Structure formats: C-alpha cells, structure tokens
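# Structural description and commentary
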Amino acid sequence: QVQLVESGGGLVQAGDSLRLSCAASGRTFSRYNMGWFRQGTGKEREFVAVIRWDGGNTLYGDSVKGRFTISRDNTKNTVYLQMDSLKPEDTAVYSCAADRAGSFAYSILSRAEAYDYWGQGTQITVSS
C-alpha cells in the first residue's frame, strides 16, 4: 500500500549538515504520520522524529531536539529530515516509517511497533 525509499545518506564531518529524503508511493500519503528512526551498530532502535499527517505538529527525540528538523511536502509525497550540527554519535542507519494516522501522541509514535510501513534505511556516518 505504501512503499518508502530513503536517500541522502553519506559520510560527513562533525558539525556538518545533511538532508535526508523519504519518497513514498501510494495515493494516501497525506493520511499517514511519517517518522524517522535510527539504529547504530550494537544499539537499540531510537526514535528520531515524527510529523503529523497534515504537517501541523512534530515530535522529536531528546538526543536530536534543536538540531534536527522534520518536514513534509504532501504534493511531492516526500518527507525530509534536516540534520544540522551533526555529531559522531549520530552515526547510524536512518529509516523512515509510515503510521496510519489516528492519534498523534509521543507515547505511541516513539515506538517502532506503531508504524505500518518501513523504508530500507540509509547510512549516515559522522567523523570527528
């Protein structure tokens, strides 16, 4: 029903910026909350950010708040993650995910099991 493809990953230095994109197929993209998660080697999956179906509200994980910005363009079926002031500890595989919109609450959307569709992930490596 929804296919997601991430792009924009790569190798950067600490303090640099990257912008990730997640392109979605499907006719009901605007009805999905869209989130980003990340997982570093040997670490558990971590919530990064989520944006409501209409772009009207956002939530961020504590480790990225103030540095990362999530946005979406429903006319292009794309969600973005702008990452500024990158740190080595941001190194991880970043995945986007789609949730069939109902409630919009941190207690639900910070958990990976809330999401119905996932992209393949893209690697971000931040060197010091």
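Per chain, residue numbering runs from 1 following the sequence as it is written. Only residues with pLDDT of 70 or above have their local features reported here, since the model is predicted, and side-chain atom pairs are shown and tallied only from 80 upward, although totals for entire chains, interfaces and linings are computed over all residues. Side-chain descriptors were evaluated using all non-hydrogen atoms of the structure, hydrogens and water having been removed beforehand.

### Section: the pattern of salt bridges
Oppositely charged side chains can form a pair if their charged atoms are brought close together. A pair is scored as a salt bridge if a Lys or Arg side-chain nitrogen falls within 4 Å of a carboxyl oxygen belonging to Asp or Glu. Following the criterion strictly, the structure yields six salt bridges and no others. Taking the shortest distance from any N to any O, the salt bridge between E46 and R38 comes out at 2.8 Å. By relative accessible area, which is 28% here, E46 ends up partly exposed. D54 is the partner of R52 in a salt bridge, and the nearest nitrogen-oxygen pair spans 2.9 Å. Accessibility here uses a 1.4 Å probe with only protein chains present; expressed as a share of the type maximum, an area under 20% marks a residue as buried, one over 50% as exposed, and anything in between as partly exposed. Residue classification places R52 among the partly exposed residues on the basis of a relative accessible area of 27%.

### Some words on unusual backbone geometry
Not every positive phi belongs to a glycine, and N77 is a case in point at roughly 55°. Phi at S85 is positive, roughly 50°, even though this residue is not glycine. Only DSSP runs of H or I reaching four residues or more are called helices, and only runs of E reaching two or more are called strands; each is numbered from the N terminus. Positionally, S85 belongs in the loop between β8 (78-83) and β9 (92-100). What makes S85 partly exposed here is its relative accessible area of 41%.

### Comments concerning the sheet that holds strand β7 (residues 68-73)
Any two strands with at least two DSSP-identified bridges between them are counted as paired. Within the open sheet, the four strands sit side by side as β1-β3-β8-β7. Their pairing is antiparallel. Either end of the sheet is taken by a strand with one partner, and the two such strands are β1 (3-7) and β7. Averaged over all pairs of adjacent strands, the angle between strand axes in this sheet comes to 15°, irrespective of strand direction. By the bridge criterion, five bridges tie β1 to strand β3 (residues 18-25) in an arrangement that is antiparallel. When the bridges of β3 are listed, L4 appears paired with A24. Orientation is described by lines fitted to C-alpha atoms, with helices fitted over the stretch in contact, and by angles between N-to-C directions that extend from 0 to 180 degrees.

### A few points about the pairing of strand β5 (residues 46-51)
Taken across its six residues, β5 has five buried, putting it largely inside the fold. One ladder, built from five bridges, connects strand β4 (residues 32-39) with β5; its direction is antiparallel. Paired with W36 across the two strands is A49, which belongs to β5. Connecting the antiparallel pair β4 and β5 is a turn made up of six residues, with G42 showing a positive phi of about 75°. The turn linking β5 back onto strand β6 (residues 58-60) is made up of six residues, and G55 within it adopts a positive phi angle of 75°.

### As for the state of the cysteines
The definition used for a disulfide is geometric: two cysteine sulfur atoms within 2.5 Å. In this structure the tally under the stated criterion is one disulfide. The partner cysteine of C22 in its disulfide is C96, sulfur to sulfur 1.9 Å. With the S-S dihedral at roughly 50°, the linkage between C22 and C96 falls on the right-handed side. Note that C22 is positioned in strand β3 and C96 in strand β9, a separation of 74 residues in sequence. Assigned by exposure class, C22 and C96 land together as buried.

### What to know about the nonpolar core
By nonpolar core we mean a set of buried residues, namely Ala, Val, Leu, Ile, Met, Phe, Trp, Tyr and Cys, connected to one another through side-chain atoms within 4.5 Å. Of all hydrophobic cores here, the largest spans 29 residues; its most connected members are L4, M34, W36, L81, M83 and Y94. Among the elements of the structure, β3, β4, β5, β7, β8, β9 and β11 (122-127) are those that each provide at least two residues to this core. A contact between two residues is defined here by any heavy atoms of the two lying within 4.5 Å. Every residue in contact with Y94, bar those within four places of it in the chain, is listed here: E6, L20, W36, F37, R38, V48, F68, L81, M83, G121, T122 and I124.

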